[in-house]
Amino acid sequence: MSDPFQPDPFRAAFDPDALPAGTGVAIVGNAPETGDHAARIDAADLVVRFNNAPGLGRQAGTRTTHLVLVNHGGQMREWLEDPDFVRRRVVAEAGAFLLPFPPKPPEADPSEDGRDWTGEAAARLRPLGCPVAVLPEPLTREAAALVRREAGRPAAPSTGYLTAFALLAVTRPEAVRFDVFGFGFAGWEGHAFDAERRWFEAMAAAGRLRLHPVRN
């Protein structure tokens, strides 16, 4: 079977040797209380959004260069069953797609919560003419192990955390400025949001990103 993905478009898009010094990247989460950061988000060179991208066109800005779509579980199945999925604004206007979870082997658990839709998602997105990438498995594995250790319990890393971890890992601190918006660190109990918050706060303290708190 042919590889449904272009050759490493994730690293190609964020190649530290290709990004001009001072490149600004806005990572825009899905917290409903993001606050009005539209102008600052739209001014970034690259804008990374997630899934259904609430706030797009309003307080969360208008541009999307990279859209991260969860490729395991029921949410992707719902999108694949929706004939209008690729016509949604955030999908139609995205310049590239990132799938955060590595493909599973054929013998993996096919249950609804864990089913792998990577191949089907790539096949649906490729006709849009944009790169489709899976986040590098070694980086997502490292990110998952870190949050589990920090949480002291089994935990599934969130898509936002996985993506931010991978982006920071493949870029040079002196070349890229990251601004993080709309991360509320709350939601599904299977994520270790306290541990993820500590990671973001540590990266902010180290000067790797600027974390813009959500509105209370």
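Check the entry above for the structure.
Just so it is clear, the model here is predicted, and its values are computed rather than measured.

Caption draft 1: Representation of the overall build of the protein in the model. When you go through the protein residue by residue, the secondary structure sums to eight helices and seven strands. Going through the 216 residues of the protein one by one, you find that 51% of them count as buried. The long-range fraction of contacts in the protein, counting pairs at least 24 apart against all pairs at least 6 apart in sequence, stands at 67%. For the protein, the exposed area adds up to about 10,400 Å²; of that, 52% sits on carbon and sulfur atoms.

Caption draft 2: Representation of the pairing of strand E6 (residues 176–181). Along E6, five of the six residues are buried, which leaves the element largely enclosed by surrounding structure. Two strands pair when backbone bridges link them, and strand E1 (residues 23–28) and E6 are joined in this way by six bridges, in the parallel orientation. Counterpart to Gly 24 in the pairing with E6 is Arg 177. The pairing of E6 with strand E7 (residues 210–211) spans two bridges and is classified as parallel. From the neighbouring strand, Asp 179 faces E7, where its bridge partner is Arg 210. In this fold, the crossover linking E6 to E7 by way of helix H8 (residues 193–205) has right-handed handedness.

Caption draft 3: Highlighting unusual backbone geometry. Backbone geometry places Asn 51, a non-glycine residue, at a positive phi of 50 degrees. Inspection of the secondary structure puts Asn 51 in the loop between strand E2 (46–50) and strand E3 (66–68). At Ala 53, a residue that is not glycine, the phi angle is positive and equals roughly 50 degrees. With respect to the helices and strands, Ala 53 occurs in the loop between E2 and E3. On the basis of relative accessibility, which here comes to 6%, the residue Ala 53 falls in the buried class.

Caption draft 4: Quick look at the packing of helix H6 (residues 137–151) against H8. At their nearest, the axes of H6 and H8 sit 8 Å apart, and the two run at 110 degrees to each other. The orientation of H6 with respect to H8, classified from their angle, is roughly perpendicular. In the crossing of H6 with H8, the sense of the turn from one axis to the other is right-handed. Contacts between H6 and H8 involve Leu 146, Val 147, Glu 150 and Ala 151 from the first element and Ala 195, Glu 196, Arg 198 and Trp 199 from the second. Residue composition of the contact of H6 with H8, by class: five nonpolar, no polar and three charged.

Caption draft 5: Quick look at the layout of surface pockets. What the largest pocket holds in volume is close to 1,000 Å³. In this structure, the largest pocket is lined by 40 residues; those nearest its centre are Pro 157, Ser 158, Thr 159, Trp 188 and His 191. For the lining of the largest pocket, the elements supplying multiple residues, two or more each, are helix H3 (74–81), H6, helix H7 (159–170) and H8. Each residue belonging to the lining of the largest pocket can be placed in one class, and the counts come to 17 nonpolar, 16 polar and seven charged.

Caption draft 6: Main features of the environment of Leu 98. Note that Leu 98 resides in strand E4 (residues 97–99). With a relative accessible area of 2%, Leu 98 lands in the buried category. Between the alpha carbons of Leu 98 and Asn 71 there is a distance of 9.3 Å; along the sequence they are 27 residues apart.

Caption draft 7: Just H3, in detail. Gly 74, Met 76 and Trp 79 are the residues of H3 that are buried. Packing partners of the buried residues in H3 comprise helix H5 (118–125).

Caption draft 8: Seen up close, the packing of aromatic side chains. In this structure the tally under the stated criterion is nine aromatic pairs. Centre to centre, the rings of Trp 199 and Phe 200 are 4.9 Å apart; their planes meet at 85 degrees, and the pair counts as edge-to-face. Accessibility assignment for this pair places Trp 199 and Phe 200 in one class, buried. Grouping aromatic residues by their ring pairs yields a cluster made of Phe 50, Tyr 161, Phe 165, Phe 183, Phe 185, Trp 199 and Phe 200.

Calculation criteria
Residues numbered from 1 in each chain as written. Predicted model: local features only at pLDDT ≥ 70, side-chain atom pairs only at ≥ 80, totals over all residues. Heavy atoms only, no water. Helix = DSSP H or I, 4+ residues; strand = E, 2+ residues; numbered from the N terminus. Buried < 20%, exposed > 50% of the residue type's maximum accessible area, 1.4 Å probe, protein only. Contact = heavy atoms within 4.5 Å. Areas by Shrake-Rupley, 256 points an atom, 1.4 Å probe, with all protein chains shown as cover. Pairing = 2+ DSSP bridges. Right-handed = clockwise from strand over helix to strand, strands pointing away. Axes fitted to C-alpha atoms, helices over the stretch in contact; angles between N-to-C directions. Parallel < 35°, antiparallel > 145°, perpendicular 65-115°, else oblique. Left-handed = near helix turned anticlockwise from the far one by under 90°. Nonpolar A, V, L, I, M, F, W, Y, C, P; charged D, E, K, R; others polar. 1 Å grid on protein atoms, 1.4 Å probe; cavity = no way out; pocket = protein on both sides within 12 Å on 5 of 7 lines; lining within 4 Å. Points joined across faces, edges and corners; volume = space filled by probe spheres on them. Phe/Tyr/Trp six-rings, centres within 6.5 Å; stacked < 30°, edge-to-face > 60°.

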